[in-house]
Amino acid sequence: VFILADIIFIALGAGTIAGLALYASGLARI
Amino acid sequence: MSLVGWGQIGLLFVVVLALIKPLGLYMARVFSGERTWLSVVLGPVEHALYAAGGVRADREQTWLGYAFALLAFSAAGFLLLYAILRLQHVLPLNPQGFGAVPADLAFNTAVSFVTNTNWQAYGGETTMSHLSQMAGLTVQNFVSAASGIAIALAVTRAFARSAAETVGNFWVDMTRATLYVLLPLAVIVALAFVAMGLPQTLDASVAATTLEGANQTIALGPVASQEAIKQLGTNGGGFFNVNAAHPFENPTALSNYLNIVCMLSISSALVYAFGQMVGDRRQGWALLAVTGVLLLIGIGAIYWAETYGNPILASLGVDPAMGNMEGKEVRFGQAMTAAYAAVTTGLSDGGVNGMHGSFTALGGMAPLVLIQLGEILPGGVGSGLYGMLVFAVLAVFVAGLMVGRTPEFLGKKIEGREMKFAMLAVLILPLAILGFTAVSAMLPGAVASIGTGGPHGLSEILYAYSSAAGNNGSAFGGLSANTPWYNTTLGIAMLFGRFGYALPVLAMAGSIAAKTRSTATAGTFPTHTPLFVGLLIGIILIMGGLQFFPALALGPIVEHFQMLSGQTF
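The structure contained in this document is the topic of the report that follows. Every chain begins its residue count from 1, and numbering advances along the sequence as written. Note on labels: chains are lettered from A, ligands numbered from 1, in written order. Totals for whole chains, interfaces and linings use all residues, but because this is a predicted model, local features are given only for residues with pLDDT of at least 70 and pairs of side-chain atoms are given and counted only at 80 or more. Side-chain measures were taken over the full set of non-hydrogen atoms in the model, leaving aside hydrogen atoms and water.

1. So, the overall build of chain A
The condition that has to hold: Secondary structure counts use DSSP, requiring at least four H or I residues in a row for a helix and at least two E residues in a row for a strand, with both numbered from the N terminus. Burial status follows relative accessibility: with a 1.4 Å probe on protein chains alone, a residue under 20% of its type maximum counts as buried, one over 50% as exposed, and anything between as partly exposed. Surface exposure here means Shrake-Rupley accessible area, sampled with a 1.4 Å probe, where a residue is shielded only by the protein chains that are shown.
Counting its secondary structure elements, chain A contains one helix and zero strands. Overall size of chain A, expressed as C-alpha extent along the three principal axes, is 45 × 10 × 5 Å. Per-residue burial for chain A yields a buried fraction of 30% across its 30 residues. For chain A, the accessible area works out to roughly 1,700 Å², and carbon and sulfur atoms hold 78% of it.

Written out as structure tokens, the structure reads:
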């Protein structure tokens with residue numbers, strides 16, 4: 001069932017949230 | 001405008017005011033971990049959930065641990081909802097036989113409901129199976145609202161505690177918000193909606209024969225249950241495409257009233273609970289006063305603009321006394337359409353009972369401005385409170401600079417570190433809204449989606465990104481947003497608007513929690529007085545509003561002047 005579009009959009013959603021987690025880690029250093 | 005119209009609006013405020021204290025006190029008890037009259041029934045359920053999830057309820061988290069829990073929970077919710085939408089054609093409870101939701105739309109919708117935005121690029125009755133509506137969207141209506149409440153609780157504890165390392169436990173806060181507040185109220189309101197005529201069935205539709213003899217399929221489904229949490233959780237995502245303008249979603253003037261009361265009830269009571277939890281109820285009332293003033297201005301602006309109407313129509317022979325009824329349901333009229341529009345955008349609900357793009361230029365601008373102010377009136381459940389507290393921190397900082405004292409809010413000194421976090425939070429909205437709007441206004445593919453030319457077209461794009469980044473979810477109308485470009489970029493704007501705002505706020509909470517809480521002295525700037533209320537209103541309008549003024553000038557403001565000179569869009 002999983003096709004390329006699914007991989008892209010799952011990566012986009014999960015990747016953005018993972019990026020935000022890194023952002024939170026960065027905020028802790030301020 | 002009429003006396004009857006203002007009477008309806010006034011009664012609305014009276015009903016909400018009557019609910020604030022009892023509900024606020026109840027919520028303060030729930031979030032302080034105290035027993036309530038529902039504990040006998042829900043206590044075992046709560047502890048079973050902790051046991052199943054391996055949660056130690058007595059173990060609190062630092063702000064960073066709290067933030068990671070929020071992000072992990074949201075990521076899991078996104079993946080689960082995305083899977084349900086993509087696989088709905090092979091899952092049960094699909095009596096309509098709908099196919100899988102397209103990938104870009106599933107991404108947009110999953111992000112939309114996880115972030116409490118509930119932007120709907122789809123028509124519910126023509127796209128979503130009952131399972132998608134119930135197990136997917138409605139579940140997120142509960143937990144995304146509870147996540148917002150949890151963040152607000154972390155900020156509240158930061159002010160209430162002295163020299164603390166932790167701000168609470170995300171899993172406990174979310175569980176208690178869902179179990180003790182959202183779920184019981186949703187059951188009561190859903191039953192009330194059923195009594196008012198909203199459908200609650202697993203049937204797909206009924207067939208009818210129209211007066212002309214044509215066959216018509218009338219969509220049905222579990223509408224009442226979704227409508228209840230849609231408004232209580234300030235989600236706004238409707239069962240039907242036209243949301244609360246649909247006669248099955250909002251059939252009468254009374255159901256319209258209940259809709260608005262539900263939107264305002266928990267979010268207002270949470271502000272009261274804040275006052276209770278920090279030990280000074282006057283602080284809660286001061287923030288509610290700010291909310292009330294700005295919300296009344298918003299309602300008044302829309303009501304005035306829509307009753308003033310469009311002089312071009314009057315010149316064509318339309319009775320000017322009717323004002324502008326375009327985009328409105330006759331059963332609600334201009335007053336209660338204005339009240340709904342201001343409330344749904346003043347807080348982060350985003351449901352609509354009229355089409356904002358069909359309002360006059362200024363009438364349509366008011367909801368847009370209310371979204372851009374940060375949806376803090378009184379805001380989405382939770383998100384409005386922590387948004388308002390960010391502005392309060394900015395206000396005491398400005399006041400401190402003016403009088404030469406160290407800024408202080410609720411006994412906590414506000415210093416450079418907290419200001420950095422506050423500004424990082426405040427700047428995320430203009431970055432996401434204006435950035436994506438500017439790019440979309442230049443891309444031919446994106447411009448092709450707008451429904452109207454001229455300044456109204458720019459308003460359509462600006463409104464879409466404001467609604468997404470502000471986690472509102474209401475649509476201006478006109479923009480064909482179900483395209484890969486808009487589904488993707490609006491989804492990213494929603495994620496930035498939700499977490500790009502919440503994370504600096506949690507960081508600010510951690511910083512404030514660690515400070516020692518000092519007692520007020522004669523030199524302390526009081527933050528419960530009319531002076532502070534006025535200052536806070538000024539800060540909100542300047543910080544929240546002026547950033548968007550140039551874009552508004554190119555959109556609804558120029559459209560208004562063109563209407564006065566005889567051109568309409």
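2. Comments concerning the overall build of chain B
This is how it is decided: In this setup the radius of gyration rests on C-alpha atoms only. A globule is expected at 2.2 Å times the number of residues raised to 0.38. Residue contacts are defined here by distance: any two heavy atoms, one from each residue, within 4.5 Å place the two residues in contact. Note that His is not counted, nor are the chain ends; the positive residues are Lys and Arg, and the negative ones are Asp and Glu. For the purpose of locating charges, the reference atoms are NZ of Lys, CZ of Arg, CG of Asp and CD of Glu.
Secondary structure summary: chain B contains 20 helices and four strands in total. In terms of C-alpha radius of gyration, chain B reaches 23 Å, essentially the compact-globule figure of 25 Å for 569 residues. Projected onto its principal axes, the C-alpha positions of chain B cover 75 × 55 × 45 Å. The buried share among the 569 residues of chain B stands at 61%. Across chain B, every contact between residues at least 6 apart in sequence was considered, and the portion connecting residues at least 24 apart equals 79%. Just so you have it, chain B exposes about 19,900 Å², and 68% of that area is on carbon and sulfur atoms. Computed over 22 positive and 24 negative side-chain charges, the inter-centroid distance for chain B is 16 Å.

3. With respect to the packing of aromatic side chains
All names here are of chain B. To keep it simple, the criterion reads: Only rings of Phe, Tyr and Trp enter the pairing, Trp through its six-membered ring, and a pair is recorded when the two centres are within 6.5 Å. The plane angle decides the type: under 30 degrees is stacked, over 60 is edge-to-face, the rest tilted. Each ring is checked for a lysine NZ or an arginine CZ that lies within 6 Å of its centre and within 35 degrees of its normal; such an atom marks a charge sitting over the ring.
Counted under the stated rule, the structure contains 19 aromatic pairs over all chains. Both rings, one in Tyr 66 and one in Phe 170, keep their centres 5.6 Å apart while their planes meet at 85°; by these two values the pair is edge-to-face. Of this pair, Tyr 66 sits in helix H3 (residues 63–86) while Phe 170 sits in helix H7 (residues 170–195), and the two are 104 residues apart along the sequence. Like Phe 170, Tyr 66 is buried. Centroid distance Phe 239 to Phe 240: 5.1 Å. Interplanar angle 70°. Geometry classified as edge-to-face. As far as the burial class goes, Phe 239 and Phe 240 line up, both buried. Its end group placed over the ring of Tyr 180, Arg 176 keeps NZ or CZ at 4.7 Å from the ring centre.

4. Quick look at the interface of chain A and chain B
So the rule is basically this: Each of two parts loses accessible area, computed with a 1.4 Å probe, when they are put together; buried area is these two losses added. Throughout this description, the term salt bridge denotes a Lys or Arg side-chain nitrogen within 4 Å of a carboxyl oxygen of Asp or Glu. Polar contact is the term for a pair of N or O atoms within 3.5 Å; when the atoms are in protein, one must be able to donate a hydrogen and the other to accept it, and sequence-neighboring residues count only if both atoms are side-chain atoms. As a working rule, the residues Ala, Val, Leu, Ile, Met, Phe, Trp, Tyr, Cys and Pro are called nonpolar, Asp, Glu, Lys and Arg charged, and the rest polar, with Gly in that last group.
Taken together, the contact between chain A and chain B spans 19 residues of the former and 27 residues of the latter. Of all residues in chain A, A:Phe9, A:Ile17 and A:Ile30 bury the most surface against chain B, accounting for 30% of the area lost on that side. Salt-bridge contacts for A:Asp6 lead to B:Arg86; the nearest nitrogen and oxygen are separated by 2.6 Å. Counting every contact that joins chain A to chain B gives three residue pairs in polar contact (both at pLDDT 80 or more). By residue class, the composition of the side of chain A that touches chain B is 15 nonpolar, three polar and one charged.

5. Describing the nonpolar core
All names here are of chain B. For clarity, the cut-off: Residues belong to one nonpolar core when they are buried, are Ala, Val, Leu, Ile, Met, Phe, Trp, Tyr or Cys, and are joined through side-chain atoms within 4.5 Å.
Grouped together as the largest cluster of nonpolar side chains are 187 residues, with contacts concentrated most on Met 27, Phe 31 and Leu 536. It is helix H18 (residues 484–513) that provides the largest number of residues to this core, a total of 17 residues. Apart from residues lying up to four places away in sequence, Met 27 is in contact with Val 181, Ile 266, Ala 269, Leu 270 and Ala 273.

6. Some thoughts on a nonpolar patch on the surface
All names here are of chain B. The test is simple: The residues that make up patches have over 30% relative accessible area and no salt bridge, and they are joined within 9 Å when like-charged or within 5 Å when they are Val, Leu, Ile, Met, Phe, Trp or Tyr.
A contiguous nonpolar patch, built from Met 1, Trp 6, Leu 296, Trp 304, Tyr 308, Phe 561 and Leu 564 and spanning about 710 Å² of accessible area, is present on the exposed surface. Taken together, the elements giving at least two residues each to the nonpolar patch come down to helix H10 (281–308) and helix H20 (549–564). Looking at which element gives the most residues to the nonpolar patch, the answer is H10, with three residues. Tracing the chain through its elements places Leu 564 in helix H20.

7. What about helix H1 (residues 4–27) of chain A?
Note the cut-off: Under the convention used throughout, the expected extent of a helix is 1.5 Å for every residue step, that is, one less than its residue count.
Between its first and last C-alpha atoms H1(A) spans 34 Å; for 24 residues at 1.5 Å apiece the expected length is 34 Å, and the two agree. Elements in contact with the buried residues of H1(A): H3, helix H4 (103–114), helix H15 (416–442) and H18 of chain B.

8. Describing the pairing of strand S2 (residues 215–219) of chain B
Residue and element names in this part refer to chain B. Rules: Pairs of strands are assigned from DSSP output, requiring at least two bridges between the strands.
Bridge count between strand S1 (residues 205–209) and S2: five bridges; the pairing is antiparallel. Note on S2: the bridge partner recorded for Thr 209 is Asn 215. The hairpin turn running from S1 into S2, its antiparallel successor, is five residues long, and Gly 213 in that turn takes a positive phi close to 95°.

9. Quick notes on unusual backbone geometry
All names here are of chain B. Within the chain, Asn 116 stands out as a residue other than glycine whose phi angle is a positive 65°. Assignment of secondary structure puts Asn 116 in the loop between H4 and helix H5 (124–127). Exposure remark for Asn 116: the relative accessible area of 3% places this residue in the buried category. The residue Asn 243 is not glycine, and still its phi comes out positive at about 60°. Considering the arrangement of structural elements, one finds Asn 243 in the loop between helix H8 (223–232) and helix H9 (253–277). With a relative accessible area of 4%, Asn 243 lands in the buried category.

10. Description of the side chain of B:Glu227
Along the chain, the position of B:Glu227 falls in helix H8. Ignoring any residue separated from it by four or fewer positions in sequence, one finds B:Glu227 in contact with B:Phe193, B:Leu198, B:Ala244, B:Glu249 and B:Asn259.

11. Some words on the environment of B:Tyr82
Structurally, B:Tyr82 is set in helix H3. Assessed through its relative accessible area of 2%, B:Tyr82 is described here as buried. Residues B:Tyr82 and B:Gly545 lie 463 residues apart in sequence; the distance between their C-alpha atoms is 35 Å. Excluding its chain neighbours within four sequence positions, the residues that come into contact with B:Tyr82 are A:Ala5, A:Asp6, A:Phe9, A:Ile10, B:Ala103, B:Ala106, B:Phe107 and B:Ala110.

12. A closer look at the pattern of salt bridges
Residues and elements named next belong to chain B. Tallying each qualifying case throughout the model produces 14 salt bridges over all chains. For Lys 230, the salt bridge goes to Glu 227, with nearest N and O atoms at 3.1 Å. Pair noted here: Lys 230 and Glu 227 are both in helix H8, with a separation of three residues, about one helical turn. Glu 227 shares its class with Lys 230; the two are buried. A salt bridge links Lys 515 to Glu 415; the nearest nitrogen and oxygen atoms lie 2.4 Å apart. Of this pair, Lys 515 sits in the loop between H18 and helix H19 (530–545) while Glu 415 sits in the loop between strand S4 (412–413) and H15; the two residues are 100 residues apart in sequence, bridging distant segments of the chain.

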